[in-house]
Protein chains: 4
Amino acid sequence: MTSHLDAKGVYVIAPTPFHTDGRIDDSSIDRMTDFFLKAGVTGMTVLGQLGEAPKMAHDESVGIVKRVIARTGGKLPIVVGVSAPGFAAMKSLTHDVMDLGATGVMIAPPNTLRTDDSIVQYYKQASEAIGSDVPFVIQDYPLTFSVQMTPAVIRRIHTECPACWFLKHEDWPGLDKISQLRAWEKDGSMRRLPILVGNNALFLDFEMERGADGANTGYCFPDMLVDVVRMSKAGQRDAAHDLFDAHLPLVRYEQQPGPGLAVRKYVMMRRGIIASDTLRKPGATLSATAKAEVDYLLSRIAKVDPRAKV
Amino acid sequence: MTSHLDAKGVYVIAPTPFHTDGRIDDSSIDRMTDFFLKAGVTGMTVLGQLGEAPKMAHDESVGIVKRVIARTGGKLPIVVGVSAPGFAAMKSLTHDVMDLGATGVMIAPPNTLRTDDSIVQYYKQASEAIGSDVPFVIQDYPLTFSVQMTPAVIRRIHTECPACWFLKHEDWPGLDKISQLRAWEKDGSMRRLPILVGNNALFLDFEMERGADGANTGYCFPDMLVDVVRMSKAGQRDAAHDLFDAHLPLVRYEQQPGPGLAVRKYVMMRRGIIASDTLRKPGATLSATAKAEVDYLLSRIAKVDPRAKV
Amino acid sequence: MTSHLDAKGVYVIAPTPFHTDGRIDDSSIDRMTDFFLKAGVTGMTVLGQLGEAPKMAHDESVGIVKRVIARTGGKLPIVVGVSAPGFAAMKSLTHDVMDLGATGVMIAPPNTLRTDDSIVQYYKQASEAIGSDVPFVIQDYPLTFSVQMTPAVIRRIHTECPACWFLKHEDWPGLDKISQLRAWEKDGSMRRLPILVGNNALFLDFEMERGADGANTGYCFPDMLVDVVRMSKAGQRDAAHDLFDAHLPLVRYEQQPGPGLAVRKYVMMRRGIIASDTLRKPGATLSATAKAEVDYLLSRIAKVDPRAKV
Amino acid sequence: MTSHLDAKGVYVIAPTPFHTDGRIDDSSIDRMTDFFLKAGVTGMTVLGQLGEAPKMAHDESVGIVKRVIARTGGKLPIVVGVSAPGFAAMKSLTHDVMDLGATGVMIAPPNTLRTDDSIVQYYKQASEAIGSDVPFVIQDYPLTFSVQMTPAVIRRIHTECPACWFLKHEDWPGLDKISQLRAWEKDGSMRRLPILVGNNALFLDFEMERGADGANTGYCFPDMLVDVVRMSKAGQRDAAHDLFDAHLPLVRYEQQPGPGLAVRKYVMMRRGIIASDTLRKPGATLSATAKAEVDYLLSRIAKVDPRAKV
């Protein structure tokens, strides 16, 4: 079903741009989408956690997807976050966005799941609810969702759900998990599962070397992610690490839960990608001190990567 | 704002009746509503957790509220559960149901809240988001939501949010919490807060004696709840306990998370209140053994309370 | 290894009696132990959570075990709670109490365990650490420990750890778990596992009917537990439920986390089993209102069970 | 009481060195202690979480403290981790180590605490239990302990407990928390509280600039921490960041929960500080791939910091 689908490179997690009064900023969506295309991303995920999905009304969500798809004109696979407390809302949003031309959806587990069976069961029921022909992405992010999936659980989901498309891997620690999944593929005990890494790319350097296919995250320099993934794939190890390490102080700063998204939007605003760094409530705002810290980090990155001159 | 509103007696938590194929069963909604009215409930809460709210699409939710309001014909205050992962969906549903004539809404805290300030902040932001003229109910259910509200936190919410209507108290243990809140009202350090108790009425007997105004829960014999509340208010202590204790084995059985709702619907079906005990997925089903256990409990209750002869 | 060991009847969870100043009350230990023997318990568990184990210094723990074993004179199997944040302390206490003549130990999982594998792994490592010849009890109490063990996980622990002695079953809901384990024994996919139930006996009535071998809990009337287990085993269903139901209002009251242990000690003091209802800090104390509620419940039970006349 | 005590610079979190068979390696303790002294640390914390404290028997814990104090000869304040599930064990270890000459103790909150009051209450009871003349350190590490302390809660603990010595700050995000506490000191609403930062120093660069007094963590290059703290205090901002950033890829790698301690010990072994990188069970081991990744990171750091040539 999803056998014709692959996933590699950088599927950027798109923030949702707002006007300063909280309305969705359509022209910033367009400009941001153009920027992503030019930066060389290979896919786009909208309405993820860091796309402030839970703050959007259903119609707004649909509107965002529509606009992004129109702007990319089919040049990029579009993944839409549809996580919801119940399958009815998940199904409803999925159908609407698939009708608009989305490629697939991303599903995070509810944070009450504990046992292995309950996690597998959840994904099976979700896939059945949204339609077993809809490609879906497993979001494995225990830091945020408090749900711990072993490699064996991921293998079970992938094996028992034909519509499973790829893994958004953001476990921490997570390097050995990638190695384990790849080892199972190698010895034939698991079919191929594309792995794109998240967690703000904090371990992108080594995750690529462990066998990841790319990134599925939203750092404020997605163009850096594109470069690191390309260099790593090309075997340019030192160069990949050099670029990554230059950004790491800011990657770390942006990875902070809460203020992180405010940092991301602030930098994207400074880069001219979006018009405002506004978050919808409830959302963090950066103090003047925090902004000055980010500016300082940008000035340091700029010594190595001219894109940080903003 | 909500100063004209009171809350006492039994605000029954209504389940959502489905046909065996999962569609909403409108005629069972009508029959159930009629039953509640006849049983003497003083209010109705729809689309709570045990109303399977998260399994409903937005339009279905609105439809249920519309039907219930039409059936009660304004004879009962209607509370609608509007808990959602974000304020946009919460606001959207609130506006729709208030337009239809709902009296107020119930809001449960997201299960990630920890500090006192974050809980108070959440309710203030929620009230602002849905409209500070919309009466809302605090749902204090740590067993399900993992959020622990001290009496002082509840007082702060009540003090800082003029639209705070009443407390759905279902902390466990919770007796001293009621006593503390009532003591604060008595010494003038808190304005009057109506308290209706939930947690499947497991402690209704003593909660009434500690100062609760009634129940806000959904046991399969809401008519028993009405009687116990009335007798307790009338000072008929032994009689209230006698009736309550006769039901306690089943109250306890129905309070089990997961199968509990299936028990409730099974008994309501056997009582002829709803047509089918179907739950929407994901939902528990009762084994033959479990049904036989419930039947046995009913036969034992029937020795004291003839309503259990079904 | 544990193949010669069985477990059935009532393994009472013993509280630790203190003087009013917090010192351990040796003569109350003796009197309580004599009471248990006379009541017909078939085993004793000391230093469980409700034995206030974490509040005891190592030497105090050893002293309690020594005294209890001396008093029972080998007439009862003695289980000692040895749960600890690390295996070193667990091993140290285990060796000391096994040397004194304890029969086995009880191990609760640390509340950080999530995946199936991590739970099984924990018990394997614990068993190895304390000595694979030391019979151990699995404590399955998700309400307190936040660790969820599926029946399959319990089967794995039992299968992979020869020293696994019995299951202290206190999952909630938990009836179907017992049925599942018994079904696996019946179809040969699992070797016999004795099951004693806890959770303050809240479901003892039906748990016995589902296949439990008895109780492993500490209600303030362990003599009632002995009777219910005996009657249930003898097929006297109605009589078992009649007695159980008479106590259920107090069972429920005592099951409250926090004040529950204070209730238990208060009643045991009123029954003359221990001299004082003192808990060590940090511990709940009963308000005058709470004590009056318990007294009222006792007076109601006394109408059916004369042992409650205190 | 603790008014004469200050805390600044680097209080290094010491790992516990083992022989390959798991026995405590005394000569490595000596060599490591000498190394710390030479590196310029201003204090030492032993038996923290990353000192594998829960894996130590009581006598082993006491032995380690004794050896470290003998080796430092009173030249350094010694903090001992005494966190325990109950106050009896905490008191017992505290008394033993204070008798040996420890300066104070560190206390982490149990991971079940939720409300503000319960956290403050816990520290008050702990301080009373161990003796209100024993200086104690608040460990604020929500990532590991799941306990969230607002700045106001920390202020309350510090205000209500005269023996409160300093804050081991490792909240994440945590920069604004430092700013808030310092602002309160400035406006007179809080007495001076020394703040040393942990969380593997992941934000040491900016935490110093926000007002921290130093570090209280255990990165495998404590000599780097000493330098960064010194340079930051001296206003050498760029130099401090240059050195910090050179190490950040490894700081991040070592901060992974689980394998992190294995990384730390592996590097300390390679640096000749301890003889073996053995952890006691249960503990992570590094795969060959992981070791190669660490080696690669060391080779990259060595281009800037010659101490990484190992």
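These lines cover the structure that appears in this document, whether it is placed above or below. (Residues numbered from 1 in each chain as written. Chains lettered and ligands numbered in written order. Predicted model: local features only at pLDDT ≥ 70, side-chain atom pairs only at ≥ 80, totals over all residues. Heavy atoms only, no water.)

### What to know about the environment of alanine 129 of chain A
Residue and element names in this part refer to chain A. Within the element layout of this structure, alanine 129 appears in helix H4 (residues 116-130). Separated by 35 residues in sequence, alanine 129 and threonine 94 have C-alpha atoms that sit 9.8 Å apart. Leaving out residues up to four positions away in the same chain, alanine 129 has contacts with Phe87 and Lys91. (Helix = DSSP H or I, 4+ residues; strand = E, 2+ residues; numbered from the N terminus. Contact = heavy atoms within 4.5 Å.)

### What to know about the sheet that holds strand E3 (residues 78-81) of chain A
All names here are of chain A. Here we have 8 strands rolled up into a closed barrel, ordered E1-E2-E3-E4-E5-E6-E7-E8, and parallel in their pairing. The pairing of strand E1 (residues 9-13) with strand E8 (residues 214-215) spans 2 bridges and is classified as parallel. Residue pairing across strands places glycine 9 opposite glycine 214, the latter belonging to E8. (Pairing = 2+ DSSP bridges.)

### Description of the interface of chain C and chain D
On the side of chain D, 14 residues touch chain C, which itself brings 14 residues to the contact. With both chains or domains summed, chain C and chain D bury close to 1100 Å², and 60% of this area falls on carbon and sulfur atoms. Of all residues in chain C, Pro54, Ala88 and Lys281 of chain C give up the largest surface area on contact with chain D, accounting jointly for 32% of the area buried on that side. For the pair chain C and chain D, the number of links is 2 salt bridges. Measuring nitrogen to oxygen at the nearest pair gives 3.4 Å for the salt bridge that ties lysine 281 of chain C to glutamate 128 of chain D. Across the chain C-chain D interface, the total number found is 3 residue pairs in polar contact (both at pLDDT 80 or more). Of all elements in the fold, only helix H3 (87-100) and helix H4 (116-130) of chain C reach the threshold of two or more residues within the side of chain C that touches chain D. Of the residues that constitute the side of chain C that touches chain D, the class distribution is 7 nonpolar, 4 polar and 3 charged. (Buried area = accessible area lost by both parts, 1.4 Å probe. Salt bridge = Lys/Arg side-chain N within 4 Å of Asp/Glu carboxyl O. Polar contact = N/O pair within 3.5 Å; in protein donor to acceptor, adjacent residues only side chain to side chain. Nonpolar A, V, L, I, M, F, W, Y, C, P; charged D, E, K, R; others polar.)

### Some points on the interface of chain D and chain A
Counting from both sides, the interface comprises 32 residues of chain D and, opposite them, 32 residues of chain A. In total, about 2900 Å² of surface goes out of reach between chain D and chain A, with carbon and sulfur atoms giving 60% of it. Sorting the residues of chain D by area buried against chain A places Trp172, Arg252 and Tyr296 of chain D first, and these three jointly supply 23% of that buried surface. Our enumeration of links across chain D and chain A arrives at 8 salt bridges.

### Focus on the side chain of serine 127 of chain C
Residue and element names in this part refer to chain C. Tracing the sequence through the fold places serine 127 in helix H4. Take serine 127: its relative accessible area is 4%, and that puts it in the buried class. Here serine 127 is in contact with Ser132, Phe136 and Ala163, once residues within four sequence places are set aside. (Buried < 20%, exposed > 50% of the residue type's maximum accessible area, 1.4 Å probe, protein only.)

### Brief notes about the packing of aromatic side chains
Overall, the coordinates contain 44 aromatic pairs over all chains when judged by the stated rule. With a centroid separation of 5.4 Å and 40° between ring planes, the pair formed by phenylalanine 87 of chain A and tyrosine 122 of chain A is classed as tilted. Of this pair, phenylalanine 87 of chain A sits in helix H3 (residues 87-100) while tyrosine 122 of chain A sits in helix H4, and the two are 35 residues apart along the sequence. In this pair, the class of phenylalanine 87 of chain A matches that of tyrosine 122 of chain A, namely buried. Counting every residue linked through ring pairs, the aromatic cluster contains Phe87, Tyr122, Tyr123 and Phe136 of chain A. A cation over a ring is seen here: arginine 237 of chain A above tyrosine 296 of chain D, with NZ or CZ 3.7 Å from the ring centre. (Phe/Tyr/Trp six-rings, centres within 6.5 Å; stacked < 30°, edge-to-face > 60°. Lys NZ or Arg CZ within 6 Å of the ring centre and 35° of its normal.)

### Examining helix H2 (residues 58-72) of chain C
Residue and element names in this part refer to chain C. Taking 1.5 Å of rise per residue, the 15 residues of H2 would be expected to cover 21 Å, and the 22 Å separating its terminal C-alpha atoms lies within 8% of that figure. Listed in full, the buried residues belonging to H2 are Ser61, Val62, Ile64, Val65, Val68, Ile69 and Thr72. What you see down the axis of H2 is that its buried residues fit within an arc of 160°, all on one side. More than 90 degrees from the buried face of H2, the exposed residues found are Asp59, Lys66 and Ala70. Structurally, H2 contributes buried residues whose contacts are with helix H1 (26-39), strand E2 (43-46), strand E3 (78-81) and H3. (Expected span 1.5 Å × (residues − 1). Arc of directions from axis to C-beta.)

Taken by themselves, the reported measurements are silent on function.
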